[in-house]
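This is what each chain is made of:
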Amino acid sequence: MLSEKLTNALNDQFNNELQAAHAYTAMAAYFSKKGYHGFANFYLIQSKEEHYHAMKFYHYLVTMDEKPVLQGLTEPKNHFNSALDVLENSLAQEKSVTSNIYALVTLAGELEEHATLSFLDWFIEEQMEEEKSFRDIIARVKAIEEGGEYFLKMDDEFAQRKLED
């Protein structure tokens, strides 16, 4: 069994991941409404990935003989000014998740909970990839006009994205 403090922190992160999935669905809706279905697909896949991450926490808690506890989701941001606004919000969200993962690692280290430290290693790598991905996309979008030829090529590129197992 895990300490109550660590169990609560893991449950909080389980719910943070569900909240991130919720936010990415709202971002997908922004792009769907604008007719950029590739970008919408990109964000729907992001949402599924965040749900997958949440379920990793769920299964870890169950494995450690703890109960996953669902909390209420808050309404995500639904109104954006531009594609760049959505992307910058995405990067900020990923940085927040990274901060949360680091806090979990610190707590697990203080408690000498080695199984949890091992479990969290995957998330550290994942967060490095997520932040880099959004920084790269932001750099690309900053160099072009929304709705322009290259933006539409990116939209086509993102339409091909699939959830990887």
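Up top you'll find the structure we're talking about.
Residues numbered from 1 in each chain as written. Predicted model: local features only at pLDDT ≥ 70, side-chain atom pairs only at ≥ 80, totals over all residues. Heavy atoms only, no water.

Draft legend 1. Molecular detail of the packing of aromatic side chains. Summed over the entire model, instances satisfying the criterion amount to 20 aromatic pairs. The interplanar angle of 45 degrees and the centroid separation of 5.7 Å between the aromatic rings of tyrosine 24 and tyrosine 43 together place this pair among those described as tilted. Remark: tyrosine 43 occurs in helix H2 (residues 37-63) and tyrosine 24 occurs in helix H1 (residues 4-34); sequence separation between them is 19 residues. Taking the relative accessible area as the measure of exposure, tyrosine 43 reaches 0% and is therefore buried. With a centroid separation of 4.8 Å and an interplanar angle of 70 degrees, the aromatic rings of tyrosine 36 and phenylalanine 151 are classed as edge-to-face. Of this pair, tyrosine 36 sits in the loop between H1 and H2 while phenylalanine 151 sits in helix H5 (residues 149-159), placing them 115 residues apart in sequence. Note on accessibility: tyrosine 36 and phenylalanine 151 belong to one class, buried. Taken together through their ring pairs, the aromatic side chains of Tyr24, Tyr30, Phe31, Tyr36, Phe39, Phe42, Tyr43, Phe80, Phe134, Phe151 and Phe158 make up a single cluster. For the cation-ring pair, lysine 56 lies above tryptophan 122, with the distance from its terminal atom to the ring centre recorded as 4.4 Å. (Phe/Tyr/Trp six-rings, centres within 6.5 Å; stacked < 30°, edge-to-face > 60°. Helix = DSSP H or I, 4+ residues; strand = E, 2+ residues; numbered from the N terminus. Buried < 20%, exposed > 50% of the residue type's maximum accessible area, 1.4 Å probe, protein only. Lys NZ or Arg CZ within 6 Å of the ring centre and 35° of its normal.)

From the geometry alone we can't say anything about function, so treat these as descriptive.
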